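Summary of structural features
Here is how the chains run, residue by residue.
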Amino acid sequence: MSSRATPGLPHVDAVTPAVLVLPGPVSRGETGRLCDEVRALLASTRAGVVVCDIGGLGPPGLAVVDLLARLELTARRAGGRIRLRDPDPALPALLDLVGLRFETERQVEQREPPLGVEEAVEPGDAAL
């Protein structure tokens, strides 16, 4: 008896995480609604991750840090987490300063040069 194998990986179900776009400056009153949205997105998808597009939030400050901390706490309580998309370049330093760590999309690992970047060569350097 023979069986025919199906193409692809048989037990892998790719799940795309939901995306929550955070527009413009967010007021303190909107935090509860956004936490409810994170909870609902985690419940409706099996990804366990909600991607928060924070490119529109503007320059980071303590209000942004507070919002992100509350969204992460809500996601953790619901069995998931959030991932940041398009953060302001100063935000990781501010989050590190207050002791918070978030996963970001397309983040190059530390101590690894980005692909396609070569070290500068000065004239007169010996060839290796």
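The sections below set out a description of the structure shown in this document. Computed from a predicted model, the values in this text were never measured in an experiment.

Another point: the state of the cysteines. This model, assessed by the stated rule, comprises zero disulfides. Of all cysteine sulfurs in the structure, the one in Cys52 sits closest to Cys35, which takes part in no disulfide; the separation is 9.7 Å. Residue class for Cys52 comes out buried when judged on its relative accessible area of 0%.

Our next topic: the environment of Glu30. When you line up the elements, Glu30 lands in the loop between strand S1 (18-21) and helix H1 (31-44). Residues Glu30 and Leu67, spaced 37 residues apart in sequence, show a C-alpha to C-alpha distance of 9.4 Å.

Attention now moves to the sheet that holds strand S2 (residues 49-53). Across the sheet, four strands lie side by side as S1-S2-S3-S4; this open sheet has parallel pairing. Among the strands making up the open sheet, the edge pair consists of S1 and strand S4 (103-104). Relative to S2, S1 runs parallel, the two sharing four bridges. The residue bridging Leu20 from the neighbouring strand is Cys52, located in S2.

Looking now at the nonpolar core. Counting residues in each nonpolar core, the largest one holds 22 residues, and the members touching the most others are Leu22, Val38, Cys52, Ile54, Leu71, Ile82 and Leu84. Looking at this core, the elements that each hand over two or more residues are H1, S2, helix H2 (62-77), strand S3 (81-85) and helix H3 (91-98). Considering each element in turn, this core owes the most residues, six residues, to H2. Leaving out residues up to four positions away in the same chain, Leu22 has contacts with Leu34, Cys52, Asp53, Ile54, Gly56, Leu57, Leu67 and Leu71.

Inspection of the secondary structure puts Arg83 in strand S3. Taking relative accessible area as the criterion, Arg83 reaches 16% and is therefore assigned buried. Contact partners of Arg83, with chain neighbours within four places excluded, come to Pro17, Val49, Val50, Val51, Cys52, Glu103, Thr104 and Glu105.

Rules used throughout
- Residues numbered from 1 in each chain as written.
- Predicted model: local features only at pLDDT ≥ 70, side-chain atom pairs only at ≥ 80, totals over all residues.
- Heavy atoms only, no water.
- Disulfide = S-S within 2.5 Å.
- Buried < 20%, exposed > 50% of the residue type's maximum accessible area, 1.4 Å probe, protein only.
- Helix = DSSP H or I, 4+ residues; strand = E, 2+ residues; numbered from the N terminus.
- Pairing = 2+ DSSP bridges.
- Core = buried A, V, L, I, M, F, W, Y, C linked by side-chain atoms within 4.5 Å.
- Contact = heavy atoms within 4.5 Å.

Note that all results are geometric; they support no functional claim without further evidence.
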